[in-house]
Structures are given as C-alpha cells and as structure tokens.
Amino acid sequence: MIHQLYPQVFHNYRYELNKDMHIAAAHFIPHEKAGKCANMHGHIYTVNITVAGDELDDAGFLVNFQELKKLIHGKLDHSLMNEHQDWFNDQNSNDFPTSEVIARKIYETVQAYLDTMPNKPKCLQVFVRETPTSYVVYRPKAGK
C-alpha cells in the first residue's frame, strides 16, 4: 500500500485509529450533469477511516481493524456500486454513488457499528480518493 498523508482531524480523544483500504469497484452517475461519468466505469478507491475514543474494549482495541474491513471492503470491493440499493439510488433522493455520497455512506455504516460498542468510539472522518488527483473528505457536523 502506498503511504499517504490524510487531512488531520483535531480532537481531544486519547486514541486515534486509522484504517486504510483499497476498493476496486465500478459505478455510474445517472444524472445529466455527470458527463462521461454517466457511463459505467471503474476505480481503485483509496479509503481511509479515522476513528477516535477515550476507552479501549476488553481486548485492548479501540475497534478491531478487521471489523472495519469487513464492514466496508467486504461490502464494496469488486462490486457495481449502483447495485447497493441500501446505499444508493433511493427513489426519493439523489444518493447516487458519487465520491461524496460514498464517503458519507461509509461514515454512516461505520458509526452505526461503533454505536453498538460499549466503549463508544466515534468515526471522525472518511477519506475517499477516486483518482490520483481527486478525493473527498466527509466529516460529521459537530454535535451529530
């Protein structure tokens, strides 16, 4: 894996964990503003998830790296993003699989998992790089 620096999130937690992964996936954006991206195409996304908290679990983890990989890589790798109806193409929204929406959906999935943990870690940001020159950072609003 290429070592990369990510935008920092300033916080007061004792622990910060970052999980990197590469996800090979295809998508298309079914919207007139998408231009060439309206056609199906693929990327090798670079994803970084930042989790922080003050307490470790009974095994000494903030969160197990393997669980984050299962949640995200296990779902999205080698898939057509548009086929994940629970994440994208909701009939009542514009949740198309853009990098912005992918980052938000990863955050929502990770935070929902973290909310079940007794030590209550928080997902602080999700970084999604779609190409060598284009990336998105999603951070929840303060207090959410």
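Values in this document were obtained by computation on a predicted structure and should not be read as measured data.

Engineer: Mind showing me how you'd approach the pattern of salt bridges here?
Structural biologist: Pairing between side chains of opposite charge can happen when the charged atoms of each approach one another. Scanning the model with the defined rule gives 8 salt bridges in all. For the salt bridge of Glu 55 with Arg 14, the shortest nitrogen-to-oxygen distance reads 3.4 Å. You can see Glu 55 sitting in the loop between β2 (41-53) and α1 (65-76) and its partner Arg 14 sitting in the segment before β1 (15-27), a full 41 residues away along the chain. Between Lys 75 and Asp 86 there is a salt bridge, with the nearest N and O atoms lying 2.8 Å from each other. Here Asp 86 lies in the loop between β3 (79-80) and α2 (99-114) and Lys 75 lies in helix α1, a separation of 11 residues in the sequence. What you see here is one network of salt bridges that share partners, running through Asp 95, Arg 104, Lys 105 and Glu 108.

Engineer: Help me understand the nonpolar core in this model?
Structural biologist: Grouped together as the largest cluster of nonpolar side chains are 28 residues, with contacts concentrated most on Val 47, Ile 49, Val 51, Ile 72, Ile 106 and Val 110. The leading source of residues in this core is α2, at 7 residues. Not counting residues within four places of it along the chain, the set of residues in contact with Ile 72 comprises Met 21, Ile 23, Ile 49, Asp 77, Trp 87, Ile 106, Thr 109 and Val 110.

Engineer: Quick question: what am I supposed to make of α1 here?
Structural biologist: Owing to its 3.6 residues per turn, the α-helix aligns residues three or four sequence positions apart on the same side. The terminal C-alpha atoms of α1 lie 16 Å apart, and with 12 residues this matches the ideal 16 Å at 1.5 Å per residue to within 8%. Where the residues of α1 are buried, they touch β1, β2, β3 and α2. With a side-chain oxygen positioned 2.8 Å from the backbone nitrogen of Gln 66, the residue opening α1 is Asn 64. A positive backbone phi angle near 55 degrees is found at His 78, which sits one or two residues after α1.

The rules behind the values
- Residues numbered from 1 in each chain as written.
- Predicted model: local features only at pLDDT ≥ 70, side-chain atom pairs only at ≥ 80, totals over all residues.
- Heavy atoms only, no water.
- Salt bridge = Lys/Arg side-chain N within 4 Å of Asp/Glu carboxyl O.
- Helix = DSSP H or I, 4+ residues; strand = E, 2+ residues; numbered from the N terminus.
- Core = buried A, V, L, I, M, F, W, Y, C linked by side-chain atoms within 4.5 Å.
- Buried < 20%, exposed > 50% of the residue type's maximum accessible area, 1.4 Å probe, protein only.
- Contact = heavy atoms within 4.5 Å.
- Expected span 1.5 Å × (residues − 1).
- Polar contact = N/O pair within 3.5 Å; in protein donor to acceptor, adjacent residues only side chain to side chain.

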